[in-house]
Amino acid sequence: MTAILTLKAVSKRFGAVVVADNFDLSLEAGEALGVIGPNGAGKTSLFNMIAGAIRPDAGRVLFEERDISALSPSQRCRVGIGRSFQIPQPFSGLTVFENLCVPAFFGNTRSNIEVEKRCVEVLDLTGLLPKANALASSLTLLERKRLELARALAGYPKLLLLDEIAGGLTPHECEELVVVIRQVRATGVAIVWIEHVVHALLAIIDRLLVLNQGRKLVEGDPRQVMASREVREIYLGVEADG
Ligand SMILES: Nc1ncnc2c1ncn2[C@@H]1O[C@H](COP(=O)(O)OP(=O)(O)OP(=O)(O)O)[C@@H](O)[C@H]1O
């Protein structure tokens, strides 16, 4: 299969803090990868380097085998990278539908009818159709999370970066969101999902990567990774003896 995303020997540091240490990553089209790691491990910085918000000190980022290292965040959006942020910040004075129009119209040559159709499709997929005309400021936390996902989807991404989208939700709300993300996945979009709510991740992903201090600590089958000595050590603070 073709790699949709490749990171080659990416390094980044902020002063003495290393957030990526000669880091390699490959993701196939349609694949779902989970990313966990302790606070400060470099997870959001990884997204920032994929989405173009920060530039690595060294290394390259490839999307569908094209080097996108020099592209701006908006150009990366246009090639097919969508992103949701840890703290949803919708345009609170606009309606839910209008919030989607912004990324759906941005920087493309699609007709109004096509873009409107896309917005309705995404609202339906994310369960927000009944709220289409509500002001974003009136939404509950779960609805704002749905809107965050919908805004990332509105720009026709082939790769979706989800940053702790389940954070702060009740277990029941989290289950509802997992149902939506599963539906998104079924449309063929590749997903990289950073999440501390591990059971939500495990319901979706094919592969799990554990980051620590900008390095890949362990990666592979999600359940095997969760049961690994390395994960027990960093999360439980125990010196596992294997
Ligand atoms: N722009 C920046 N300038 C300076 N330091 C930064 C910058 N961005 C991130 N850092 C530092 O880099 C480290 C990694 O941050 P990052 O947000 O990538 O971690 P994370 O794994 O996402 O953590 P969390 O789980 O707490 O969100 C942290 O120590 C953070 O303070």
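Before any of the text, the structure's been laid out above.
The structure presented is a predicted model; accordingly, all values stated were derived computationally and were not measured.

**Q** Can you help me understand the overall build of the chain in this one?
**A** When helices and strands are tallied, the chain shows 9 helices and 10 strands. Dimensions of the chain, computed from C-alpha atoms along their principal axes, come out at roughly 60 × 40 × 35 Å. Buried positions account for 38% of the 242 residues belonging to the chain. Sequence separation of at least 24 residues holds for 66% of the intrachain contacts in the chain that already meet a minimum separation of 6.

**Q** How should I be thinking about the pairing of strand β6 (residues 81-84) in this particular structure?
**A** Successive residues of a regular strand alternate their side chains across the two faces of the sheet. Covered by surrounding structure in β6 are Ile-81 and Arg-83 together with Gly-82 and Ser-84, the residues of both alternating faces. Of the strand pairs in this sheet, β6 and strand β7 (residues 159-163) are connected by 4 bridges, and their pairing is parallel. Of the residues in β7, the one forming a bridge with Ile-81 is Leu-159.

**Q** For this particular structure, what's the right way to read the site of the ligand?
**A** The environment of the ligand is made up of Phe-14, Val-17, Val-19, Gly-37, Asn-39, Gly-40, Ala-41, Gly-42, Lys-43, Thr-44 and Ser-45. Mapped by element, the contributors of at least two residues to the shell around the ligand are β2 (17-28) and α1 (43-51). Considering only residue class, the shell around the ligand consists of 4 nonpolar, 6 polar and 1 charged.

**Q** For this particular structure, what's the right way to read the nonpolar core?
**A** Soluble, globular proteins show a tendency: their nonpolar side chains are buried together. Ranked by internal contacts, the top residues of the largest apolar core, which has 63 residues, are Ala-150, Leu-160 and Trp-193. At 6 residues, the largest contribution of residues to this core is made by helix α5 (residues 141-154). Ignoring sequence-local partners within four residues, the contact set of Trp-193 consists of Ala-32, Gly-34, Val-35, Leu-162, Leu-201, Ile-204 and Ile-205.

Conventions adopted
Residues numbered from 1 in each chain as written. Predicted model: local features only at pLDDT ≥ 70, side-chain atom pairs only at ≥ 80, totals over all residues. Helix = DSSP H or I, 4+ residues; strand = E, 2+ residues; numbered from the N terminus. Buried ≥ 20, exposed ≤ 12 C-beta atoms within 10 Å, placed from the backbone. Contact = placed C-beta atoms within 7 Å. Pairing = 2+ DSSP bridges. Near = placed C-beta within 6 Å. Nonpolar A, V, L, I, M, F, W, Y, C, P; charged D, E, K, R; others polar. Core = buried A, V, L, I, M, F, W, Y, C linked by C-beta atoms within 7 Å.

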